[in-house]
Amino acid sequence: MVDYSVWDHIEVSDDEDDTHPNIDTASLFRWRHQARMDRMEQFQKERDDLEKAQGDCKRKLSEVQRKIKELEVSGTDDAKSELRKLQQEQQELKKEEKSCEKKLDEHRKQEKKMPWNVDTLSKEGFSKSVFNVKPEVKEETEEEKEQKHKTFVEKYEKEIRHFGMLRRWDDSQKYLSDHPHLVCDETANYLVIMCIDLEVEEKHALMEQVAHQTIVMQFILELARSLKVDPRACFRQFFTKIKTADQQYQDAFNDELEAFKTRVRERAKVRIEKAMKEYEEEERQKRLGPGGLDPADVYETLPPEMQKCFDDKNIQMLQDVISKMDPTEAKYHMQRCIDSGLWVPNSRTAEEEGDKEEQGESVYEELKKETQEEKK
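Rules used in this analysis
Residues numbered from 1 in each chain as written. Predicted model: local features only at pLDDT ≥ 70, side-chain atom pairs only at ≥ 80, totals over all residues. Heavy atoms only, no water. Helix = DSSP H or I, 4+ residues; strand = E, 2+ residues; numbered from the N terminus. Axes fitted to C-alpha atoms, helices over the stretch in contact; angles between N-to-C directions. Parallel < 35°, antiparallel > 145°, perpendicular 65-115°, else oblique. Contact = heavy atoms within 4.5 Å. Nonpolar A, V, L, I, M, F, W, Y, C, P; charged D, E, K, R; others polar. Buried < 20%, exposed > 50% of the residue type's maximum accessible area, 1.4 Å probe, protein only. Polar contact = N/O pair within 3.5 Å; in protein donor to acceptor, adjacent residues only side chain to side chain. Salt bridge = Lys/Arg side-chain N within 4 Å of Asp/Glu carboxyl O.

Here's the deal with unusual backbone geometry
Then step 1. Despite not being glycine, lysine 228 shows a phi value in the positive range, around 60°.
Then step 2. Structurally, lysine 228 can be placed in the loop between α6 (204–227) and α7 (235–243).

Points about the packing of α7 against helix α8 (residues 247–287)
Then step 1. Contact pair α7 / α8: the axes reach a minimum separation of 8 Å and the direction vectors enclose 105°. Taken together, the axis directions place α7 and α8 in an arrangement best described as roughly perpendicular. Contact residues: α7 offers Phe238, Lys241 and Ile242, while α8 offers Tyr249, Gln250 and Phe253.
Then step 2. Counted by class, the contact of α7 with α8 contains four nonpolar, one polar and one charged residues.

Considering the environment of aspartate 311
Then step 1. Topologically, aspartate 311 is positioned in helix α10 (residues 304–312).
Then step 2. Taking the relative accessible area as the measure of exposure, aspartate 311 reaches 48% and is therefore partly exposed.
Then step 3. There is a polar contact of 2.7 Å between the side chain of aspartate 311 and the side chain of tyrosine 299.

Some details on the pattern of salt bridges
Then step 1. Per the counting criterion, the structure on display carries 20 salt bridges.
Then step 2. Salt-bridge contacts for glutamate 258 lead to lysine 261; the nearest nitrogen and oxygen are separated by 3.1 Å. A residue pair is termed a helical-turn pair when its members lie 3 or 4 positions apart in one helix, as glutamate 258 and lysine 261 do in helix α8 at three residues.
Then step 3. Judged by relative accessible area, which is 43%, glutamate 258 ranks as partly exposed.
Then step 4. Judged by its relative accessible area of 8%, lysine 261 is buried.
Then step 5. Several salt bridges share partner residues, and in doing so they unite Arg168, Asp170, Asp171 and Lys243 into one network.

This is the structure:
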């Protein structure tokens, strides 16, 4: 059977009442309606407050229960002490949750007893149209990513380095709990660079320690991607899993750690080789003579007789060797010696001749002339 009793308590429309001729009917209706709307608004606010309090209580209880499960795994004295406090807090939150539920039930009963009126008899079904269109996510450019990383590192570099030096699981978990903003890609990227720098500096043991923390951060980020949640919401789950000695998970972690350390060593080796090449090129540039030639390269192309002259620093021997050589070949080698700085003509000759080709020829002729004079 249909229960029609709810229709027995309906507030009639304001304009159905008869009013005194001396009273402004329109104003009276407005006041009545406004008073009823205020009562309904206050009643709804009370319900919202109760539901909010109940929701907050449930969230706190869930968080405490999760922490209790984590602490039950650890057997340290500090963990046991903290566990007792959390268990006591859990009991208090359960009592508070029951109290909120009781108050909410009483409020629902009062709501059912309230008479219907023109504002509650019907509700609006549709007030807008919604199109299921996925919002476009703007992808960051390389410049924006670089600037974001730079800003983050400048602000939290000290905290990141501190995390990189930690060793124990519990210490790492507590530090991330106190600094949840570190659980992000920027921290992982900085730790990778830090590992390579330490390997280049030949601080191998320290590199391996930071590499361990790097893989910790990488595993947390990978777990967040697989669960499609914020990394800050799942790092505790990683530590719980890794500390419960899940052998398969532990083996995967160790394999990735060893592979990462190998990649770091290879990257450091490449960086060192690149730095050595740059250093050698700088030294070569410093050695270049006035004509832009490297004296070491020029020396290697000289005939053995001329090399010996430069080895012994014997000008007389060099004069003798040039006098016996073909003039064109002698001119070629002497010009290269001048351009590389192996041979520096006297300032008087350089000023008189003017250009490099003439300088080389004048030096050759000068050496040849001196040789002929000595023979006479």
